[in-house]
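Structure at a glance
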Amino acid sequence: MVSRTIKKAFASDGALGRVIPGFQPRQPQLDMADAVEQAIHNEDQLVVEAGTGTGKTFAYLVPALLSGKKTIISTGSKNLQEQLFHRDLPLMVEALGFHGQVSLLKGVLIISA
């Protein structure tokens, strides 16, 4: 059962609907967002596989921003990281009225002797 917070954010007249013209909720996206929200709340690990067009980015950004907890999002490529940070995240921050801090870290160098 999808939480009220997620349903409200993903409703056609909700937070996303106000900033994305023509936004329509999709059940797989709602299901994924709900699973992410529960995993963050319960401090559990979660692995999600979802097809193209599911809306994965918003499905994990929305619960992360709404959680009030520090969240680390790791991407498979710097291109996706750039898309998230410069396009998707600002849109979600605006939609949700998020006022927390967001930082971008590119690459990690680990040296061990």
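Residues numbered from 1 in each chain as written. Predicted model: local features only at pLDDT ≥ 70, side-chain atom pairs only at ≥ 80, totals over all residues. Heavy atoms only, no water.

1. Structural notes on the overall build of the protein chain
From N to C terminus, the protein chain includes 5 helices and 0 strands. Its helices and strands in sequence order give the protein chain the pattern α-α-α-α-α, from N to C terminus. On C-alpha atoms alone, the protein chain measures out to a radius of gyration of 15 Å, which is about the 13 Å that the 2.2 N^0.38 rule sets for 113 residues. Classification of the 113 residues of the protein chain by burial places 31% in the buried group. For the protein chain, the share of sequence-separated contacts (at least 6 apart) that also reach a separation of at least 24 residues comes to 64%. Working note: accessible area of the protein chain is about 8000 Å², and carbon and sulfur atoms make up 53% of it. (Helix = DSSP H or I, 4+ residues; strand = E, 2+ residues; numbered from the N terminus. Rg over C-alpha atoms; globule rule 2.2 N^0.38 Å. Buried < 20%, exposed > 50% of the residue type's maximum accessible area, 1.4 Å probe, protein only. Contact = heavy atoms within 4.5 Å. Areas by Shrake-Rupley, 256 points an atom, 1.4 Å probe, with all protein chains shown as cover.)

2. Focus: unusual backbone geometry
Residues other than glycine seldom take positive phi values, yet Glu43 does so here, at roughly 55 degrees. Look at Glu43 and you get exposed, because its relative accessible area is 68%.

3. Points about the packing of helix H4 (residues 56–66) against helix H5 (residues 78–96)
In contact at an axis separation of 10 Å, H4 and H5 are set at 55 degrees when each is read in the N-to-C sense. Taken together, H4 and H5 sit at an angle that is classed as oblique. Here H4 runs over H5; the crossing is right-handed. Two secondary-structure elements touch here, H4 through Thr57, Phe58, Tyr60, Leu61, Val62, Leu65 and Leu66 and H5 through Leu84, Asp88, Leu89, Leu91, Met92, Val93 and Leu96. (Axes fitted to C-alpha atoms, helices over the stretch in contact; angles between N-to-C directions. Parallel < 35°, antiparallel > 145°, perpendicular 65-115°, else oblique. Left-handed = near helix turned anticlockwise from the far one by under 90°.)

4. With respect to the nonpolar core
One finds Ile6, Phe10, Leu16, Val62 and Met92 to be the most contacted residues of the largest nonpolar core, which totals 24 residues. Going through the elements one at a time, helix H1 (4–10), helix H2 (15–19), helix H3 (27–42), H4 and H5 are the ones with two or more residues in this core. The element that contributes the greatest number of residues to this core is H4, accounting for 7 residues. Beyond its immediate stretch of four places on either side in the chain, Ile6 contacts Leu30, Ala33, Asp34, Glu37, Val62 and Pro63. (Core = buried A, V, L, I, M, F, W, Y, C linked by side-chain atoms within 4.5 Å.)

5. Focus on H5
Taking 1.5 Å per residue as the helical rise, H5 with its 19 residues ought to reach 27 Å, and the 25 Å between its terminal C-alpha atoms agrees with that figure. Listing the buried residues of H5 in full gives Gln81, Leu84, Asp88, Leu89, Met92 and Ala95. The inward-facing, buried residues of H5 contact H2 and H4. Gly97 sits one or two positions beyond H5 and adopts a positive phi of about 65 degrees. (Expected span 1.5 Å × (residues − 1).)

6. With respect to the packing of H3 against H4
Running from amino to carboxyl end, H3 crosses H4 at an angle of 35 degrees, the nearest separation of the two axes being 8 Å. Crossing hand, H3 versus H4: right-handed. Counted together, Gln29, Met32, Ala33, Val36, Glu37 and Ile40 of H3 and Lys56, Phe58, Ala59, Tyr60, Pro63 and Ala64 of H4 form the full contact between these two elements. Within the contact of H3 with H4, the residues separate by chemical class into 9 nonpolar, 1 polar and 2 charged. (Nonpolar A, V, L, I, M, F, W, Y, C, P; charged D, E, K, R; others polar.)

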